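# Structural overview for review
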Amino acid sequence: ALGTGFLIEHRGTFVLTNDHIAGAAPELEVVPADGASARAKIIGRDPTLDVALLQIDVPRLPTLRLGESAELQVGEWVLALGNPFGDEVTATAGIVQATGRQTAASLHTGTAVLYRSYLQTDADIHRGNSGGPLFNARGEVIGINSQILSGSGGYMGLSFAIPINTANLIAQQLADKGFVERGFLGIQFQAVTGSHARAFGLDRPRGALVASVEPDGPADQAGIQSGDIVLSYNGKQLESSGELPPLVGATPVGAKVKVEVLREGKTREFTVAIGKLDEQAAADIGSRGRGSAPAE
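As the structure is a computational prediction, the values presented were derived from the model and not from experiment. (Residues numbered from 1 in each chain as written. Predicted model: local features only at pLDDT ≥ 70, side-chain atom pairs only at ≥ 80, totals over all residues. Heavy atoms only, no water.)

## Digging into the sheet that holds strand 2 (residues 14–17)
To summarise the sheet geometry, strands pair through backbone hydrogen bonds and adopt either a parallel or an antiparallel arrangement. Within the open sheet, the five strands sit side by side as 1-2-5-4-3. Their pairing is antiparallel. Every other strand in the sheet has two partners, leaving strand 1 (6–7) and strand 3 (28–30) as the edge strands with one partner each. Where strand 3 meets strand 4 (residues 38–46), three bridges bridge the pair, whose relative direction is antiparallel. Looking across to strand 4, one finds that Val-30 is bridged to Ala-38. Together, strand 1, strand 2, strand 4 and strand 5 (51–56) form the strand contacts of helix 3 (residues 164–177), whose direction differs from that of strand 5 by roughly 55°. (Pairing = 2+ DSSP bridges. Helix = DSSP H or I, 4+ residues; strand = E, 2+ residues; numbered from the N terminus. Contact = heavy atoms within 4.5 Å. Axes fitted to C-alpha atoms, helices over the stretch in contact; angles between N-to-C directions.)

## Thoughts on the layout of surface pockets
To locate leftover empty space, one rolls a probe as large as a water molecule over the atoms. When its volume is computed, the largest pocket comes out at roughly 1,000 Å³. Looking at the largest pocket, it is lined by 34 residues, and the ones nearest its centre are Gly-5, Val-30, Val-31, Pro-32 and Asn-83. Within the residue set of the lining of the largest pocket, elements represented by two or more residues are strand 1, strand 2, helix 1 (19–22), strand 3, strand 6 (77–82) and strand 9 (133–135). It is strand 3 that contributes the most residues to the lining of the largest pocket, three residues altogether. Of the residues in the lining of the largest pocket, the class split is 21 nonpolar, eight polar and five charged. The calculated volume of the second largest pocket comes to roughly 620 Å³. Within the residue set of the lining of the second largest pocket, elements represented by two or more residues are strand 7 (90–101), strand 8 (118–121), helix 3, strand 16 (236–237) and helix 6 (244–249). (1 Å grid on protein atoms, 1.4 Å probe; cavity = no way out; pocket = protein on both sides within 12 Å on 5 of 7 lines; lining within 4 Å. Points joined across faces, edges and corners; volume = space filled by probe spheres on them. Nonpolar A, V, L, I, M, F, W, Y, C, P; charged D, E, K, R; others polar.)

## Things to note about the packing of aromatic side chains
Scanning the entire structure with this criterion turns up one aromatic pair. Ring plane angle 80° and centroid distance 5.9 Å describe the contact between Tyr-118 and Phe-160, whose orientation is recorded as edge-to-face. With a gap of 42 residues between them, Tyr-118 in strand 8 and Phe-160 in strand 11 (residues 158–163) connect regions that are remote in the sequence. Accessibility classification places Tyr-118 together with Phe-160 in one group, the buried group. (Phe/Tyr/Trp six-rings, centres within 6.5 Å; stacked < 30°, edge-to-face > 60°. Buried < 20%, exposed > 50% of the residue type's maximum accessible area, 1.4 Å probe, protein only.)

## Quick notes on the nonpolar core
In this structure, Phe-6, Ile-8, Leu-16, Leu-53, Ile-144, Ile-164 and Ala-167 are the most contacted members of the largest nonpolar core, which totals 20 residues. Of the residues forming this core, the biggest block, five residues, is contributed by helix 3. Judged by nonpolar contacts, the second largest core, of 19 residues, contains Ile-224, Val-230, Tyr-233 and Val-272. (Core = buried A, V, L, I, M, F, W, Y, C linked by side-chain atoms within 4.5 Å.)

## Here we look at the sheet that holds strand 10 (residues 141–149)
The antiparallel closed barrel is built from six strands, whose spatial order is 6-7-8-11-10-9. In this sheet, neighbouring strand axes are inclined to one another by 45° on average, regardless of whether the strands run parallel or antiparallel. Pairing analysis gives three bridges linking strand 7 to strand 8, with the strands arranged antiparallel. Within strand 8, the residue paired with Val-96 across the bridge is Thr-121. Sitting on the sheet, helix 3 is in contact with strand 10 and strand 11, with an inclination near 45° to strand 11.

See below:
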């Protein structure tokens, strides 16, 4: 059981890594680059998004500066650091191939699919790299290396990293509460296709088409209906339906957000009081309805 982690800026003794690394170990030992090992304590885990927060009692260690993963563009250079196959710290480079990736053959199903949104790169990621930092060209951490898409178990050209904006929100909740709460909108939705866009009078396929609304859920209480197209959420324009779940999941429970929809050719705005996601119920829906509209 070997992986990678990194110290978070301004927190000093807190280490971010993957849950599939931390959660599999009866006890954890962190070995900084200088070789002085330290016993680590698990502050909190989020198996859904594969993030864990550890703490070590080693003062004055250098921390990494966090960047803005939402600003990443396809084609930007990235650098991954980790301990592939248990070797010493190794660097690999590549470019951002895609942002907002929702699925890959190696990823889990159910609610994890709904709330995971990955950065896809071609930087070499091997066993032991999991939990390590992915840097932009300015030396800022913009992701946590987490998964590879492979038919053989080795690196095959597609690597996936958890955006640091998402991971940092999780880390803050784990540090403050020891657990993670995710927002709940109460809709099932599907992607907007070219035929949908023409039928609804959109200039191009964008947004998320509401397939159904949970009775008495947050969206239903606000007035959102089946057949609406969600164009923006809390001021964020949706270019694809896959952008919606991470935004909702990151919204604090009880927060009131503006949701803009297209209905009968006209835009309307609703204020929704975000509920709390029942993750087991969402997982059950995901496993029953796999291949259909995802639950949100």
